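Now for the letters of each chain:
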Amino acid sequence: MATLRDIRRRITSVQSTRKITKAMEMVAAAKLRRAQGRIEALRPYAIDMVEMMMDLATYSEETGRYALLRERSEERAVALVAMSGDRGLAGSFNANVIRRVLEEERALREAGKDVRILAVGKKGIGTLRFRRYTLDGTWEGLSDRPEYHHAQTIAKRLIEDFETARVDRVRLIYNHFISPMEQKLMDVAILPIRREEVISETRERRAVTYLYEPDPATIFERLLPAYVEIAVYRALLESSASEQGARMTAMRNASESAEEMLGDLTLALNRARQAAITQEILEVVAGAEALG
Amino acid sequence: MTEKALHLEVVTPEGEVYHDDVTMVVLPGVEGELGILARHQPLVTLLDIGETRVKRLDGTYDYIATGVGYAEVLFDKVMVVVDHGEIAGRIDVERAEEAARRAREQLERRDDPGARAEIDFYRAEQALRRAENRLRVARRAL
């Protein structure tokens, strides 16, 4: 049976662990709020951008000429972008993304396609490398606080791979934030850009006559990369919010387990103490009797 | 004669950085600067990295370091939708200088084949352009 000292030591250890998990939970909650704020902040920009593209597209005679919108007749190579976090202790957050990427990779390979994997986040990069996958591109140090220029760097690389036909399709695999308790794994093709996302066939030209500098088709083409950037940025933010939410939930569960464990240990401690006291009394009584 | 006001909004992916009624806006268009006053013709233009100058109603100027995007002028409203925007007085000069220095260091290693693998030169170049623009605009506030 565990001695009183052993139990006391365990109680102290569980207490300090609980302190850490509690602190991590609160930090994650604060970071989650910030990530959600950034998702909100993006919305007006994204809406203005897409509305403008749709308006500009009404002036374009042949929208088939835009490289970023063109579907390839044959899909030979696919890029999968795995978005994980830089740190663990977030429940199944990282594992879910990696598992999905590996499944998709296998399916595509069996279908005879080339797969190029790119990864965001130290956890994903580490696991994929450990499993001996060659990574086509990696980005780390941004999952905690993604900024727009991070998304631009990633988008620029993806656009380049697509334009040079290194890949015929680009898919993002990331966690979408639903609630701190729930993330939804997304698998979204961002290149080629789906026509209906930026071009509406039924849209009418605006009644006002605008002056365009340069011409509408050129502006449209120059703004197209922004659409990809927004998609990447949104995925980074969703993933970051999911990570914090998952960590918050995982840490709350850990704190609750610690709480429960402390209850059990305290009970065991009291029992052991009681037993020790009883033992002592018995010994005293027995000693007294022996003398008498 | 009192000048008629324009309403200016500057929107970026990281939030709105400016909105106010102003007298004049000078935009860094891709084909040169554009001065916008009230009753300007409806306009849509691409913007390059540069400085957006704002003449306020009281006659003083605000300077905003803006990135790439577009501007739309319609019925005395100017919407500037760009990937980056910072008002001169709020630019962290030390941070911008640090960013510029880092970017320059990376770009200096352009000819070193060993560095090619670890440095994204495009990113460094963009970072440098952004940082230099911020520094240039920040000096306006002094």
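Residues numbered from 1 in each chain as written. Chains lettered and ligands numbered in written order. Predicted model: local features only at pLDDT ≥ 70, side-chain atom pairs only at ≥ 80, totals over all residues. Heavy atoms only, no water.

Some remarks on the overall build of chain A
Logical step 1: What chain A contains, in helices and strands, is six helices and six strands.
Logical step 2: In terms of overall size, chain A is more extended than a compact globule, its C-alpha atoms giving a radius of gyration of 29 Å where 292 residues would be expected to give roughly 19 Å.
Logical step 3: For chain A, the spread of C-alpha atoms along the three principal axes comes to 115 × 45 × 30 Å.
Logical step 4: Contacts in chain A between residues far apart in sequence, at least 24 positions, make up 78% of those at least 6 positions apart.
Logical step 5: For chain A, the computed accessible surface area is about 15300 Å², with 51% contributed by carbon and sulfur atoms.
Logical step 6: For chain A, the distance from the average site of its 46 positive side-chain charges to the average site of its 44 negative ones is 5 Å. (Helix = DSSP H or I, 4+ residues; strand = E, 2+ residues; numbered from the N terminus. Rg over C-alpha atoms; globule rule 2.2 N^0.38 Å. Contact = heavy atoms within 4.5 Å. Areas by Shrake-Rupley, 256 points an atom, 1.4 Å probe, with all protein chains shown as cover. Lys, Arg positive; Asp, Glu negative; His and termini not counted. Charge placed at Lys NZ, Arg CZ, Asp CG, Glu CD.)

Quick word on the interface of chain B and chain A
Logical step 1: With 28 residues of chain B in contact, the opposing surface of chain A contributes 27 residues.
Logical step 2: Of the roughly 2500 Å² buried at the junction of chain B and chain A (both faces included), carbon and sulfur atoms supply 63%.
Logical step 3: On the chain B side of the interface with chain A, the three residues burying the most area are Pro13(B), Val44(B) and Leu46(B), jointly 24% of the side's total.
Logical step 4: When the shortest N-O distance is used, the salt bridge between Arg38(A) and Glu14(B) registers 3.5 Å. (Buried area = accessible area lost by both parts, 1.4 Å probe. Salt bridge = Lys/Arg side-chain N within 4 Å of Asp/Glu carboxyl O.)

Some details on empty space enclosed by the protein
Residues and elements named next belong to chain A.
Logical step 1: Summed over all chains, the structure comprises two cavities of 30 Å³ or more.
Logical step 2: A volume near 60 Å³ is recorded for the largest cavity.
Logical step 3: In this structure, the largest cavity is lined by Lys31, Arg34, Ala35, Arg38, Asp144, Arg145, Pro146, Leu237, Ser240 and Gln244.
Logical step 4: Sort the elements by how many residues they give to the lining of the largest cavity and helix H1 (residues 4-57) lands first, with four residues.
Logical step 5: Its residues assigned to classes, the lining of the largest cavity shows three nonpolar, two polar and five charged.
Logical step 6: Space inside the second largest cavity adds up to approximately 40 Å³.
Logical step 7: What lines the second largest cavity is simply Ser84, Gly85, Phe93, Val120, Ser143, Leu236, Ser239, Ser240 and Glu243.
Logical step 8: Looking at which element gives the most residues to the lining of the second largest cavity, the answer is helix H6 (residues 216-291), with four residues.
Logical step 9: The residue makeup of the lining of the second largest cavity, split by class, is three nonpolar, five polar and one charged. (1 Å grid on protein atoms, 1.4 Å probe; cavity = no way out; pocket = protein on both sides within 12 Å on 5 of 7 lines; lining within 4 Å. Points joined across faces, edges and corners; volume = space filled by probe spheres on them. Nonpolar A, V, L, I, M, F, W, Y, C, P; charged D, E, K, R; others polar.)

A word on the packing of helix H4 (residues 148-163) of chain A against helix H3 (residues 121-138) of chain B
Logical step 1: Contact geometry of H4(A) with H3(B) gives a least axis separation of 10 Å together with a crossing angle of 145 degrees. Here H4(A) runs over H3(B); the crossing is right-handed. Taken together, the residues of H3(B) that come into contact with H4(A) (itself represented by His149(A), His150(A), Gln152(A), Thr153(A) and Lys156(A)) are Tyr122(B), Arg123(B) and Arg130(B).
Logical step 2: A class-by-class count of the residues in the contact of H4(A) with H3(B) yields one nonpolar, four polar and three charged. (Axes fitted to C-alpha atoms, helices over the stretch in contact; angles between N-to-C directions. Left-handed = near helix turned anticlockwise from the far one by under 90°.)

A short note on the domain arrangement of chain B
Residue and element names in this part refer to chain B.
Logical step 1: Annotation of chain B at the domain level lists domain 1 (6-88) and domain 2 (91-141).
Logical step 2: Computed from C-alpha coordinates alone, the two centres of domain 1 and domain 2 are separated by 25 Å.
Logical step 3: Of the residues lining the interface, 13 residues belong to domain 1; the matching set on domain 2 comes to ten residues.
Logical step 4: Of the roughly 1000 Å² buried between domain 1 and domain 2, counting both surfaces, carbon and sulfur atoms make up 57%.
Logical step 5: Of the charged contacts, one joins Arg134 and Glu86 as a salt bridge, the two residues approaching to 3.0 Å between their closest N and O atoms.
Logical step 6: The interface formed by domain 1 and domain 2 includes six residue pairs in polar contact (both at pLDDT 80 or more).
Logical step 7: Elements supplying a minimum of two residues to the side of domain 1 that touches domain 2: strand S5 (50-56), strand S6 (61-66) and strand S9 (85-87). (Domains from an automatic or database assignment. Polar contact = N/O pair within 3.5 Å; in protein donor to acceptor, adjacent residues only side chain to side chain.)

A few points about the pairing of strand S7 (residues 69-74) of chain B
All names here are of chain B.
Logical step 1: Counting buried positions along S7 yields five of six residues, so the element is predominantly enclosed.
Logical step 2: In terms of strand pairing, strand S4 (residues 43-47) meets S7 through five bridges, oriented antiparallel. Paired with Thr45 across the two strands is Ala71, which belongs to S7.
Logical step 3: Summarising the sheet, S7 and strand S8 (residues 77-82) pair through six bridges and their orientation is antiparallel. Bridge assignment links Ala71 to a residue of S8, and that residue is Val80.
Logical step 4: Here S7 folds back onto S8 in antiparallel fashion, the turn holding two residues, of which Phe75 has a positive phi close to 45 degrees. (Buried < 20%, exposed > 50% of the residue type's maximum accessible area, 1.4 Å probe, protein only. Pairing = 2+ DSSP bridges.)

Considering the packing of aromatic side chains
Logical step 1: All told, the structure shown has six aromatic pairs over all chains when counted by the stated rule.
Logical step 2: On the basis of an interplanar angle of 20 degrees and a centroid distance of 6.2 Å, the ring pair of Tyr61(B) and Tyr63(B) is categorised as stacked.
Logical step 3: On the accessibility criterion, Tyr61(B) (36% relative accessible area) is partly exposed.
Logical step 4: Assessed through its relative accessible area of 15%, Tyr63(B) is described here as buried.
Logical step 5: Chaining the aromatic ring pairs together yields one cluster made of Tyr45(A), Tyr148(A) and Tyr233(A).
Logical step 6: Just above the ring of Phe162(A) sits the side chain of Arg72(A); from NZ or CZ to the centre is 4.0 Å. (Phe/Tyr/Trp six-rings, centres within 6.5 Å; stacked < 30°, edge-to-face > 60°. Lys NZ or Arg CZ within 6 Å of the ring centre and 35° of its normal.)

Re the domain arrangement of chain A
Residue and element names in this part refer to chain A.
Logical step 1: Along its sequence, chain A is carved into domain 1 (4-25 + 250-291) and domain 2 (27-247).
Logical step 2: Here the C-alpha centre of domain 2 lies 52 Å away from the C-alpha centre of domain 1.
Logical step 3: Facing five residues of domain 1, the contacting portion of domain 2 comprises eight residues.
Logical step 4: When domain 1 packs against domain 2, close to 510 Å² is buried across both sides, 53% of that on carbon and sulfur atoms.
Logical step 5: Counting across the interface, domain 1 meets domain 2 through zero salt bridges.
Logical step 6: At the level of secondary structure, the elements contributing two or more residues to the side of domain 1 that touches domain 2 comprise H1 and H6.
Logical step 7: Split by residue class, the side of domain 1 that touches domain 2 holds four nonpolar, no polar and one charged.

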